[in-house]
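Listed below are the residues making up each chain.
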Amino acid sequence: MAEIIWLSMDEVCNLTGEVKETVRRKCKRGEYSCTYDKKGKYKNYLINLDSLPEVAKNRYNGIKINVQHSKFYKESPAWAKKQAKKYVELIEKTAGMKHKEIVEFIKDWNSKHPDKKSSYSALCKARVKYEQFGEDALLSKKGSKEDKYRVKPEYYEYYKDLYMKPAAPSAIDCWMQTLNYAKQKDKIKTANFPCDKTFDRLLKKEYSPEQIKRARRHHEKVIARDYSNIKANEYWIIESCQLKFQVKYKNSYYYPWLTVVKDVKTEKWLGWFVYHKLIKSEHILQAVYYALIKYGRPSKIIIKNIHFDSYIAKTGKLKKADISCNQDKLLPILIYSGANLIFDVPANVNNASITYDLREFVPPNPNTNIFDFKKQLDEYVEVINNKIHRNQIFKNKSPEQLWQKGYIQQDLPDKKCLIDMCLRTSKPIKYQKNGIYDTVTNRHYWGDWMPLCTSKSMYLKRDIYSEDDGCLYDGENQKFLGEAYVLKPASALWKTPEEQEQVKIAIERKRRAIKNTKSFLEGIEKIPLEEQCENYKAVFNKEIPKAKPKVIRILHDSHIEAAVRKMKEMEKVKKLQDKIYAQLLADIEANEKAEN
């Protein structure tokens, strides 16, 4: 068995180039195998030679590493040798120096040689590598891991097939679909997958910007468009999409859905509806409602997309789903607009998508409420409709200018007649103290007929982005019950004439409700007081048969438990007697008032 060699801390510092405090800490952590003798406050460590690094052991045994240039060093590029030469020069110049001397030397070295800058930690690592493996370890390894992070040709081809075609999605959408494809095939993790900019950079290396533009926009099936035989507001086209940024709704963050109604000839936005939940047929109806009340009825309506294979969840991940809008629920469009529905977009209709119209829209802050975002979108739609286009159809005119030139004013339908197209509450609601409460808009809706429907479940249809009147339907048979208006809150202590008027309106509303309730109760026959008393007597004087339970075990209560149980029984009897007495007094007072 070989003899164990123990070295003092000074000897270890000379072999490793470390200061005493570093050696002491490594001994405490167990990195060095050691023993110690305690003399007073400090410990004098003795370190085992075998636990030191190989460089220190070779230095103790007098073994030198062959640092001659190898074949690999000779074949390396000049820029890789430049780093090795820099560190060799620094190692030779700092040989024998202590820590503070090396730090001062590197500081002066960096100021005199800005192209050969280094640091103390980098120099220490380079010295260890040099002493173990020679100059080969100091060569620059820039680009050595390029193959590890390179995009697989299969993934790149999949991305390219998605991106390089007409009407293709954006680069980030193609990257997300490629990532989903890689996860399904190779079970790859998102952290190990190249980012979207890597795919975009590879694509731009292979194709010029003109080739990419031509591939994404050129469409052989599109023929020359002549809209001279189409009038403004004659054809509408409806499109829906999910936006790629988040908005806030009730302390949660969602990727909202946008549905837009556009005029085919002028490409003007006529109606739009944004909502935080998944796309449904009701969203299309609501967008058509906005367009109908502003511009009247068209002849035909083209619905561009009513089916989606995936959507962005609240977490930001792309999830697969079969989202389809029910065509049967779109029948109100036929009833109220009188237009024909077309679900297949004609080949010669090549309207720009709404995502293209919103390409310059600045996404709002994620903390922006969805109602505030709707106001921002309303302002930006004015920019879209007034933007000048320089193609052959517009001829340096904006959609608004082209619309004003060809639009013929129509008789607009009444809002109340179209309220059935508005968004409905997801769950039935019941009458409360201040009417019907809408949890989406945090508004109360009131109608004078509501106090007579206190126990009925109802659905509310309303425009969530305006304070227009809503309509209520029976929760069981969907029968129309009545209209309701938004109830504005009244100030507890009014200070202005407007607040005083609101208080008066609230008091009048309550008086009408009481009057309607009294008129409803007039037709109900009242039971005489004598008959009520006889009924009470019959209830409380009725002999209740005593139960005869089967006694399995008799438990003997203590005197305290028996007294407590008796007091509770007496309290129950007293409460019942007080209740009967109060009811009799109330009936007597009511009869006296009726006689007077």
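Residues numbered from 1 in each chain as written. Predicted model: local features only at pLDDT ≥ 70, side-chain atom pairs only at ≥ 80, totals over all residues. Heavy atoms only, no water.

### A word on the overall build of the chain
Stated formally: Under the scheme used here, helices are H or I runs from DSSP no shorter than 4 residues and strands are E runs no shorter than 2 residues, and both carry numbers assigned from the N terminus. Exposure categories follow from relative accessible area, calculated using a 1.4 Å probe and restricted to protein chains: below 20% of the type maximum is buried, above 50% is exposed, and the middle band is partly exposed. The method behind every accessible area is Shrake-Rupley, applied with a 1.4 Å probe, and residues are considered shielded solely by the protein chains displayed.
Counting its regular elements, the chain contains 21 helices and 18 strands. When the 596 residues of the chain are sorted by exposure, 35% land in the buried category. Entry remark: accessible area of the chain is about 39,900 Å², with carbon and sulfur atoms responsible for 52%.

### Some thoughts on helix α9 (residues 153-163)
Note: α-helices contain 3.6 residues per turn, so residues at a spacing of three or four share the same orientation. Note the cut-off: Arc definition: directions from the helix axis to the C-beta atoms. The contact criterion used is simple: two residues touch if any of their non-hydrogen atoms lie within 4.5 Å.
Of all the residues in α9, the buried ones are Tyr155, Tyr156, Tyr159, Lys160, Leu162 and Tyr163. Projected down its long axis, α9 shows its buried positions confined to an angular sector of 160°, all on one face. Residues of α9 that are exposed and point over 90 degrees away from its buried face: Pro153 and Asp161. On its buried face, α9 sits against α10 (171-186), α11 (196-206) and α12 (209-217).

### Description of unusual backbone geometry
One non-glycine residue, Lys250, lies in positive phi territory at about 55°. Examined against the element boundaries, Lys250 turns out to sit in the loop between β5 (247-249) and β6 (252-254).

### Regarding the side chain of Ser252
Its location among the elements puts Ser252 in strand β6. For Ser252, a relative accessible area of 19% corresponds to the buried category. Not counting residues up to four positions away in its chain, the partners in contact with Ser252 are Val247 and Lys314.

### Side note on the nonpolar core
Operational definition: Only buried residues count toward a nonpolar core, which is a set of Ala, Val, Leu, Ile, Met, Phe, Trp, Tyr and Cys residues joined through side-chain atoms within 4.5 Å.
If you look at the biggest cluster of nonpolar residues, it comprises 63 residues, and the most contacted ones within it are Leu258, Trp269, Val288, Ile333 and Leu358. When residues of this core are assigned to their parent elements, the largest contribution, 10 residues, is made by helix α13 (residues 281-295). Sequence-distant contacts of Leu358, defined by excluding residues within four places in its chain, comprise Leu243, Leu258, Trp269, Leu377, Tyr380 and Ile384. Ranked by size, the runner-up nonpolar core spans 16 residues in total, among them Tyr155, Tyr156, Tyr159 and Ile212.

### Some words on the sheet that holds strand β1 (residues 6-8)
Sheets are built from strands paired through backbone hydrogen bonds, the pairs being either parallel or antiparallel. Let me state the cut-off plainly: Two strands make a pair as long as DSSP finds a minimum of two bridges between them. Only the stretch in contact is used when a helix axis is fitted, and all axes are lines through C-alpha atoms; the angle between N-to-C directions ranges over 0 to 180 degrees.
Spatial ordering of the open sheet is given by β1-β3-β2, a layout of 3 strands whose pairing is antiparallel. Bordering the open sheet on either side are β1 and β2 (34-39), each of which pairs with just one other strand. Neighbour-to-neighbour, the strand axes of the sheet open up by a mean angle of 35°, direction not taken into account. Pairing analysis gives 3 bridges linking β1 to strand β3 (residues 42-48), with the strands arranged antiparallel. Its bridge partner being in β3, Trp6 is matched across the sheet by Asn48. Here helix α1 (residues 9-16) sits on the sheet in contact with β1 and β3, set at roughly 90° to β1.

### Some points on the pairing of strand β11 (residues 318-324)
Sheet topology places strand β10 (residues 307-312) next to β11; 5 bridges connect them, and they run antiparallel. By the bridge assignment for β11, Ile312 is matched with Leu318. Linkage of β10 to β11, two consecutive antiparallel strands, is achieved through a turn of 5 residues, within which Gly316 is found at a positive phi near 95°.

### Notes on the packing of α9 against α10
Quick note on the threshold: Geometric relationships in this document are graded by angle, where less than 35 degrees denotes roughly parallel, more than 145 denotes roughly antiparallel, 65 to 115 denotes roughly perpendicular, and other angles denote oblique. The hand of a helix crossing depends on one turn: near helix anticlockwise from the far one by less than a right angle means left-handed, and clockwise means right-handed. The nonpolar class holds Ala, Val, Leu, Ile, Met, Phe, Trp, Tyr, Cys and Pro. Asp, Glu, Lys and Arg form the charged class, and all remaining residues, Gly among them, are polar.
Running from amino to carboxyl end, α9 crosses α10 at an angle of 140°, the nearest separation of the two axes being 9 Å. As judged from the angle between their axes, α9 and α10 are oblique. α9 and α10 meet at a crossing whose hand is right-handed. For the pair α9 and α10, contact is made by Glu154, Tyr155, Tyr158, Tyr159, Leu162 and Tyr163 and by Ala171, Cys174, Trp175, Gln177, Thr178, Tyr181, Ala182, Lys185 and Asp186, respectively. Taken together, the residues of the contact of α9 with α10 sort by class into 10 nonpolar, 2 polar and 3 charged.

### Side note on the sheet that holds strand β14 (residues 436-438)
Spatially, β13-β16-β17-β18-β15-β14 is the arrangement adopted by the 6 strands of the open sheet, whose pairing is antiparallel. Only two strands of the sheet have a single neighbouring strand rather than two, namely β13 (423-424) and β14. Pairing of strand β16 (residues 458-462) with strand β17 (residues 470-474) involves 4 bridges; the strand directions are antiparallel. Looking at the pairing, Lys461 lines up with Cys471 of β17.

### What to know about α1
Looking at α1, one finds that the buried residues are Met9, Val12, Cys13 and Leu15. One side of α1 holds all its buried residues, which, seen down the axis, span an arc of 165°. Phi turns positive one or two residues past the end of α1, at Gly17, with a value near 75°.

### Let's talk about the side chain of Arg443
Rules: Charged residues are defined here as Lys and Arg on the positive side and Asp and Glu on the negative side; His and the ends of the chain fall outside this count. Every case where a carboxyl oxygen of Asp or Glu lies within 4 Å of a side-chain nitrogen of Lys or Arg is listed as a salt bridge. Any pair of N or O atoms that falls within 3.5 Å is considered a polar contact. Within protein, one atom must be able to donate a hydrogen and the other to accept it, and sequence-neighbouring residues count only if both atoms are side-chain atoms.
Structurally, Arg443 can be placed in strand β15 (residues 443-446). The side chain of Arg443 sits in the buried core without any salt bridge; Glu467 is the nearest counter-charge, 4.5 Å away. Among the polar contacts made by the side chain of Arg443, one reaches the main-chain carbonyl oxygen of Ser466 at a distance of 3.1 Å. Ignoring any residue separated from it by four or fewer positions in sequence, one finds Arg443 in contact with Ile436, Tyr437, Asp438, Asp463, Ile464, Tyr465, Ser466, Glu467 and Val486.

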